[in-house]
Each structure stands twice: as structure tokens, then as C-alpha cells.
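Summary of the model geometry
Residues per chain are reported as follows:
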Amino acid sequence: MKKLRVAVLGATGSIGDSTLAILAAHPEAYDVFALSGYHQLDKLLELCQKFIPERVCVPEASVDEFAKLLSDNHLNIDIVSGQQGLIDIATDRQTDVVVAAIVGAAGLPSTLAAAKAGKRILLANKEALVMAGQLMIDAVKSHQATLLPIDSEHNAIFQCLPAHIQAERSQIHEGCFGVRKLWLTASGGPFLNQSFEQMQQASIKEAVNHPNWSMGQKISVDSATMMNKGLELIEACYLFDLPEDKINVAIHPQSIIHSMVEYSDGSFLAQLGSPDMKTPIAHALAYPNRIDSGAQPLDLFALNALEFIKPDEQKFACLKLAREAMKSGNGATIVLNAANEIAVEAFLAGQLGLTQIAEINEQTLVSLPEMLPNHADIDDILAIDAKARQISQNLIAKAR
Ligand code: NAD
Ligand code: MG
């Protein structure tokens, strides 16, 4: 069988690590065609040495430095740079699969370009759907792309849907196929059993110390505030074509059930596994087949009780904000995502308390009740994103 050529955008991150571990274990099935990295260029160089991709993308300012590193190490790899470089890789005729694993809004243009180029997209970059869900889904449909979620919850839901809906790119529509509700599970993060007052005092180290998953810094902070579940709620609305009130969130501190589909006959279908991103990534890479992901099999006899808790939306206000933003429309989800990226950055820079992230997000939403015009394109979306970032920055400067 022909090998699939894979472009890993965000190769130096946590999802990049898990993806490359699977690709390395299956050289007979996959070729690493291209890699991208932004911060850790030393790590990117090591990945280039290991996988010898044909193309590598670095930030514009790092091209000369990286070209020297490649030549010092006798590596003959094409360098591309910046957002255009990411788009070039994502749309290259030689690319079969795009792993969209860049964090934040920076991942949107290349993910959208991959959809327009009809690629098979393994989507980790949930922010792309939060910002441009309709545009993404429309592009996937009209260019016969294949969008497979690797966010563990969405991948779990995908796996629990009937095969024909999976094949029709997982869109459910309200009330169809006997689906009554989707249930997103959430770990509850490091502050589940702490008071709001304790959360107010949280240090950066405490906030990024996730109990079950090892992830990048931004998503770890998002998990601590439960903004991550809010973003995932919006992601699920677009992916599965359901309104927000058809999607419930249950805190499940063990992170064994990765999400569920509730059917009208009373059946709940769940996907279980060890909390290891290699499982959803391997599922999406091989879909509709199955391959060894390298994840530890679940030891059922070692499990204790599985718990489910209703989230406290006062304490985790970001979750409520996300639901409200989804109800009010795409302008609000763009604003929320942008405000949150800026607020998380400020928290990680020691400029803001953890619980102030929700305050900044809410105030930005109030200050910018922006509606997205019908048939908006990516420039309209990026314009709202830029305005929201500016407002969020001003609010943070005042709050300090
Ligand atoms: P990470 O911080 O570990 O890695 C992010 C990657 O994006 C790195 O390769 C980094 O170099 C690159 N990057 C950062 N800023 C960039 C920019 N401005 N331009 C281009 N590249 C840039 O993050 P992660 O945990 O791997 O998460 C990546 C995405 O996957 C996020 O959207 C996250 O929400 C999603 N996700 C992650 C997990 C997880 O377990 N880590 C689970 C589900 C979904
Ligand atoms: Mg997730």
C-alpha cells in the first residue's frame, strides 16, 4: 500500500510528540513529509535529524539561523517560513495528511487552507473551529476534505456515532439518527477540589500541573479554568452540527471515559481508554482501520469507581461564558477565544490571577458585542480577533 505523507504542524509540541511517536512506530505506513516548529528550534532540529522531512517551517525571523543549523548538520531540507510557509506545507500536492497541532489562533490559516485543499485533517487545534467553525465545515464539505477530531472527547464521540455518520463527516443535525445528547467529559483540572478562594491564589506551577494529562501550557491553564471544556463545547457544536443545549458537560475526574453519546432509546455509548493522546491520534491516522498506538492498555481491574459530577459554573465561569458565546453567535466565540489567549498569556507571565482570566474574558465580550457578517471570510474573522486582543490587553493593563 502507498505510504501516507504526513505534515505535522506544531511538531515540537505535546500533540506533535505523540503524533511523531506513532509515525516512528509505523514507518511502513507513514512518511513524515513536513514539520513545523515555532519556539524550540533545537528540538525541531533533532526532529529533522530523526525524520528527515522534505520540508520544515520556522518563524520568519529564524530562517537564517535554522538554515545554518541544517547545513552544519549536513541536512538538505527545504525551509519555508511564517504563516505562508505553514499554508504551503498544508496545501502541498505531496501532503496527504495534515496534523493541525499548532496552539491557538495561529493554527487557523493553515488548517483552513488544508480544508480548502481537500486534505485529510487530524484536528487538535480546537481554536480553529471556535473562531471559524462554519467556514471550516463548509470548506471541508465543498472540497471533499476529511476532518477527523483528535481532541480526545470529540474523537470519543466520533467513535460512538453510527458508521454512516462517521463516513458522512460526522454531522448529526438536531434530532437525527436517534442522538439525544452528547456528553463531554472533563477532568475538572487541578482545582476541582479546591475553593474559589484557593483558585484565586493559584500559582502558575499549580495551574499547569494537570492531574491526568500532560499537555502544552496554554491548554493546561485552559483546563484549570475549564475554558478548555468551553472551547470543546463550541468545537463539538460545529463538528457535529448540534446546538449547545444538546451538549452536556460532566466532570469525570478519572479521565477514563473520554466522552459519550446518549441515544433516544436510553443507550449511552462511551469510549474508554488510558488518558493518552496517542489513542485518538492513532485512531484518526488509521481510520477506518486500527493500528497500535503505543498507549498503555486500560487495566480495568485496577480502576476504582468512575465518578460523574455536575460542573460548578460559578467557580468555572469560563464554561458558562463559552455556552453563552455559542448561543449569541460566531462573533462572540471569536472574541472569547482571542480574549482568553491574551488573558492566559498574561497569567503565564505573572501579570494576572487565574480567576481573573474569566473576568477579562467576560469584560471583553461585553465591550465587543461584535456580529460576524453573513458569508464572512477569514479576514473578517481575523479583524474581530485583532480587535478583541487589543481590548483584552487594555483591560489587563487596567486590572494590574
Ligand atoms: P504545545 O504548546 O505543546 O505545542 C504547540 C505547538 O504550536 C508547538 O509546536 C509550537 O512551536 C507551535 N506554535 C506555537 N505558537 C505558534 C505560532 N504563533 N505559529 C506557529 N506555530 C506555533 O501545545 P499542545 O498541547 O500540543 O496543543 C496543541 C493544540 O492541540 C492546541 O490547540 C490544544 O488545544 C490541542 N489539544 C492538545 C491536547 C494535548 O493533550 N496536548 C489535547 C487535545 C487538544
Ligand atoms: Mg480535549
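We now turn to the structure provided with this report. If you're wondering where the values come from, they're calculated on a predicted model, not measured in any experiment. (Residues numbered from 1 in each chain as written. Chains lettered and ligands numbered in written order. Predicted model: local features only at pLDDT ≥ 70, side-chain atom pairs only at ≥ 80, totals over all residues. Heavy atoms only, no water.)

Quick notes on the overall build of the protein chain
Counting its regular elements, the protein chain contains 17 helices and eleven strands. Computed over the C-alpha atoms, the radius of gyration of the protein chain is 20 Å, within 12% of the 21 Å expected from 2.2 N^0.38 for a compact globule of 400 residues. Considering only C-alpha atoms, the protein chain reaches an extent of 55 × 50 × 45 Å along its principal axes. Counting across all 400 residues of the protein chain, residues that qualify as buried make up 56%. About 17100 Å² of surface is accessible on the protein chain, with carbon and sulfur atoms providing 51% of the total. For the protein chain, the centre of its 31 positive side-chain charges and the centre of its 46 negative side-chain charges are spaced 2 Å apart. (Helix = DSSP H or I, 4+ residues; strand = E, 2+ residues; numbered from the N terminus. Rg over C-alpha atoms; globule rule 2.2 N^0.38 Å. Buried < 20%, exposed > 50% of the residue type's maximum accessible area, 1.4 Å probe, protein only. Areas by Shrake-Rupley, 256 points an atom, 1.4 Å probe, with all protein chains shown as cover. Lys, Arg positive; Asp, Glu negative; His and termini not counted. Charge placed at Lys NZ, Arg CZ, Asp CG, Glu CD.)

Notes on the pattern of salt bridges
Counting across every chain of the model gives 18 salt bridges. A salt bridge links E232 to K126; its shortest N-O distance comes to 2.8 Å. Here E232 is found in helix α12 (residues 227-240), whereas its partner K126 is found in helix α6 (residues 126-142), with 106 residues between them in sequence. In this structure, E232 and K126 share a single accessibility class: buried. Between K218 and E127 there is a salt bridge, with the nearest N and O atoms lying 2.9 Å from each other. Here K218, found in helix α11 (residues 217-225), pairs with E127, found in helix α6; they are 91 residues apart in sequence, far enough to count as distant. Here E127 falls in the buried class, since its relative accessible area comes to 5%. Connected through shared salt-bridge partners, K126, D151, E153, K229 and E232 make up one network. (Salt bridge = Lys/Arg side-chain N within 4 Å of Asp/Glu carboxyl O.)

Some thoughts on the environment of E60
Relative to the elements of secondary structure, E60 occurs in the loop between β3 (55-58) and α3 (63-72). Taking relative accessible area as the criterion, E60 reaches 59% and is therefore assigned exposed. Taking C-alpha positions, E60 is 8.3 Å from V80, a pair spaced 20 residues apart along the chain.

Considerations on the packing of helix α2 (residues 41-51) against α3
Two elements in contact, α2 and α3, have axes separated by 11 Å at closest approach and are oriented at 40°. Looking at the two axes, α2 sits oblique to α3. Crossing handedness for the pair α2 and α3: right-handed. Of α3, the residues touching α2 (which contributes L41, L44, L45 and C48) are E65, F66, L69 and L70. Classifying every residue of the contact of α2 with α3 gives seven nonpolar, no polar and one charged. (Axes fitted to C-alpha atoms, helices over the stretch in contact; angles between N-to-C directions. Parallel < 35°, antiparallel > 145°, perpendicular 65-115°, else oblique. Left-handed = near helix turned anticlockwise from the far one by under 90°. Contact = heavy atoms within 4.5 Å. Nonpolar A, V, L, I, M, F, W, Y, C, P; charged D, E, K, R; others polar.)

Observations concerning the pairing of β3
On β3, burial covers both faces: R55 and C57 on one face and V56 and V58 on the other are all buried. Direction of pairing for strand β2 (residues 30-36) relative to β3: parallel, over a ladder of three bridges. Bridge pairing in β3 links L35 to V56. With α2 bridging β2 and the parallel β3, this β-α-β connection has right-handed handedness. With four bridges connecting them, β3 and strand β4 (residues 78-81) associate as parallel partners. Note on β4: the bridge partner recorded for V58 is S81. (Pairing = 2+ DSSP bridges. Right-handed = clockwise from strand over helix to strand, strands pointing away.)

Describing the site of ligand 1
Lining the immediate environment of ligand 1, one finds 22 residues, of which T12, S14, I15, E127 and G216 sit closest. In this structure, A124 approaches ligand 1 through a main-chain N or O atom, which is 3.4 Å from an oxygen atom. Within the side chain of E127, a nitrogen or oxygen atom sits 2.7 Å from an oxygen atom of ligand 1. Against a free-state accessible area of 840 Å², the protein chains account for coverage of 88% of ligand 1. Where the shell around ligand 1 is concerned, the elements lending two or more residues are α1 (14-25) and α6. For the shell around ligand 1, the residue count by class is eleven nonpolar, eight polar and three charged. The two domains that each donate at least three residues to the shell around ligand 1 are domain 1 (4-149) and domain 2 (171-273 + 295-399). (Near = heavy atom within 4 Å. Polar contact = N/O pair within 3.5 Å; in protein donor to acceptor, adjacent residues only side chain to side chain. Domains from an automatic or database assignment.)

Observations concerning a nonpolar patch on the surface
A surface patch of nonpolar side chains, amounting to about 560 Å² of accessible area, comprises L272, L300, F301, L306 and F308. Turning to its location among the elements, L272 is positioned in strand β11 (residues 268-272). (Patch = residues over 30% accessible without salt bridge, like charges linked within 9 Å, V, L, I, M, F, W, Y side chains within 5 Å.)

Considerations on the packing of aromatic side chains
This structure, assessed with the given rule, holds two aromatic pairs. The interplanar angle of 70° and the centroid separation of 5.3 Å between the aromatic rings of F158 and Y287 together place this pair among those described as edge-to-face. Of this pair, F158 sits in helix α7 (residues 152-160) while Y287 sits in the loop between α13 (278-286) and α14 (317-328), placing them 129 residues apart in sequence. What makes F158 buried here is its relative accessible area of 1%. The class of Y287 is buried, set by a relative accessible area of 16%. (Phe/Tyr/Trp six-rings, centres within 6.5 Å; stacked < 30°, edge-to-face > 60°.)

Examining the nonpolar core
Core analysis: the biggest nonpolar cluster contains 94 residues, and L161, L182 and L354 have the highest contact counts within it. Among the elements that line this core, the one with the most residues is helix α15 (residues 330-348), at ten residues. Each of domain 1 (4-149) and domain 2 (171-273 + 295-399) accounts for three or more of the residues forming this core. For L182, the contacting residues outside a window of four places in its chain are I157, I172, F240, L242, K246, I247, N248, M260 and V261. The next biggest cluster of nonpolar side chains, apart from the first, holds 38 residues, and it includes V6, A11, F158 and A286. (Core = buried A, V, L, I, M, F, W, Y, C linked by side-chain atoms within 4.5 Å.)

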